Amino acid sequence: MNISLVIPAYNEAQSLPELVAWIERVMDANGFTYEVIFVDDGSTDNTWWTIAKLHEKNAAIKGILFRRNYGKSAALYSGFEAAQGDVVITMDADLQDSPEEIPELYRMITEGGYDLVSGWKKERHDPRGKRWPSKFFNATVRRMTGIRLHDFNCGLKAYRKKVVKSIEVFGEMHRYIPVLVKKAGFNRITEKEVHHQARKYGCSKYGWERMMKGYLDLLTVLFITRFSKSPMYLFGGGGTIMFLIGGLITLYVVIRKLILQGNGLPVRDVTDQPLFFLALVMALIGVQLFIAGFLGELIGRESADRNRYLIDDKIDIDNIKISD
Ligand code: UDP
Ligand code: MG
């Protein structure tokens, strides 16, 4: 099978028939063999019923139904697990992404040799209140991760099958899939300008709180990519420095007092000096950080998941599973 389309849908019943007709047109015109995996993320409208109807007419239309609303990341993850095509393409269900992009995305993966091609909505048809934060957000992620993409969170993306089988998208991590992909060892990441349209039916499923969540997730992603294998480098390093500074200040306070006393000069109690309390707090926080790093290391060692390495190929070994 050439292509698996993975499409998360949360209350998108209105858009689906039009979307499917468009996808079928593009797929047939290019002679692709394909499947469309809709993941109904606990919709409360007719979405699931609509998917079932569409499946009756075309067996290539498939569906996964969540018992409740788990979010876009979970939907993508389940779609990735089920996908069988050589190239896996994700898109939104709301007709904002155009199926016309599929052939070129497919070509870029199969012939261009890319692992991930991420869409870039150069001309965005979203409210301004969404475009500006998004620019800022993308610039931050670009800086922090060194991945040169303009539009990390674009719903339209194409992957080599092996890539989607190697990443775990959870929480709200769908915004950082390129970061996860890079972390999994796939470096051929690029972008393609894509057409974007205003939402035709229904409304956006995200409000202002997405910004808050987005930044918290950025911290998680950075932590996961940089320090998950070695929490001690982060916490232990900071902790040691704090502890040392605290210790040095304490020494200074005590020695100063002794010298003044030795010379018969007037002295303040050590406990009367703000500096001493600062030193105390620093030393305590230092120890806390150190312990956090140590616990992190212990948990890292316990969890088999963290220590799983992705196997790309094998020669004459039977008990290892290649991750594709
Ligand atoms: N979506 C989902 N689960 C959710 C929220 C959104 O599966 O909890 C889907 C939604 O149906 C759509 C895609 O994710 O296909 C993008 O959502 P939306 O269009 O609301 O986001 P926006 O375009 O405003 O960024
Ligand atoms: Mg949308």
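The structure this text deals with has already been given above.
Notes on the structure in this doc start here. Bear in mind the structure is a predicted one, so any value in this text is a computation, not a measurement. (Residues numbered from 1 in each chain as written. Chains lettered and ligands numbered in written order. Predicted model: local features only at pLDDT ≥ 70, side-chain atom pairs only at ≥ 80, totals over all residues. Heavy atoms only, no water.)

## Examining the overall build of the protein
If you tally the helices and strands in the protein, you get ten helices and seven strands. Counting only residues that meet the buried cut, the protein has 45% of its 324 residues in that class. Put simply, of all contacts in the protein between residues at least 6 apart along the chain, 78% involve residues at least 24 apart. Taking the 43 positively charged and 38 negatively charged side chains of the protein as two groups, their mean positions are separated by 6 Å. (Helix = DSSP H or I, 4+ residues; strand = E, 2+ residues; numbered from the N terminus. Buried < 20%, exposed > 50% of the residue type's maximum accessible area, 1.4 Å probe, protein only. Contact = heavy atoms within 4.5 Å. Lys, Arg positive; Asp, Glu negative; His and termini not counted. Charge placed at Lys NZ, Arg CZ, Asp CG, Glu CD.)

## Regarding the site of ligand 1
Lining the immediate environment of ligand 1, one finds 18 residues, of which Asp41, Asp94, Lys130, Ser204 and Lys205 sit closest. With respect to ligand 1, the backbone of Pro8 contributes an N or O atom lying 2.9 Å from an oxygen atom. Contact distances for ligand 1 include 2.8 Å between an oxygen atom and a side-chain N or O atom of Arg199. Summarising the interface, the protein chains cover 94% of the accessible area of ligand 1, which totals 530 Å² for the free molecule. Its residues placed into classes, the shell around ligand 1 shows five nonpolar, four polar and nine charged. (Near = heavy atom within 4 Å. Polar contact = N/O pair within 3.5 Å; in protein donor to acceptor, adjacent residues only side chain to side chain. Areas by Shrake-Rupley, 256 points an atom, 1.4 Å probe, with all protein chains shown as cover. Nonpolar A, V, L, I, M, F, W, Y, C, P; charged D, E, K, R; others polar.)

## Let's talk about the coordination of the magnesium ion (ligand 2)
Surrounding the magnesium ion (ligand 2) are the protein donor atoms Asp94 (OD) and Gln96 (OE1), which sit 1.9 Å from the metal. A relative accessible area of 4% means that Asp94 is categorised as buried. (Donors = N, O, S within 2.8 Å, 3.2 Å for Na, K, Ca; no water.)

## Focus: unusual backbone geometry
Residues other than glycine predominantly adopt negative phi, and peptide bonds predominantly adopt the trans conformation. Positive phi is not limited to glycine here, since Asn11 has a value of about 55°. With respect to the helices and strands, Asn11 occurs in the loop between strand E1 (3-9) and helix H1 (16-30). For Asn11, a relative accessible area of 22% translates into the label partly exposed.

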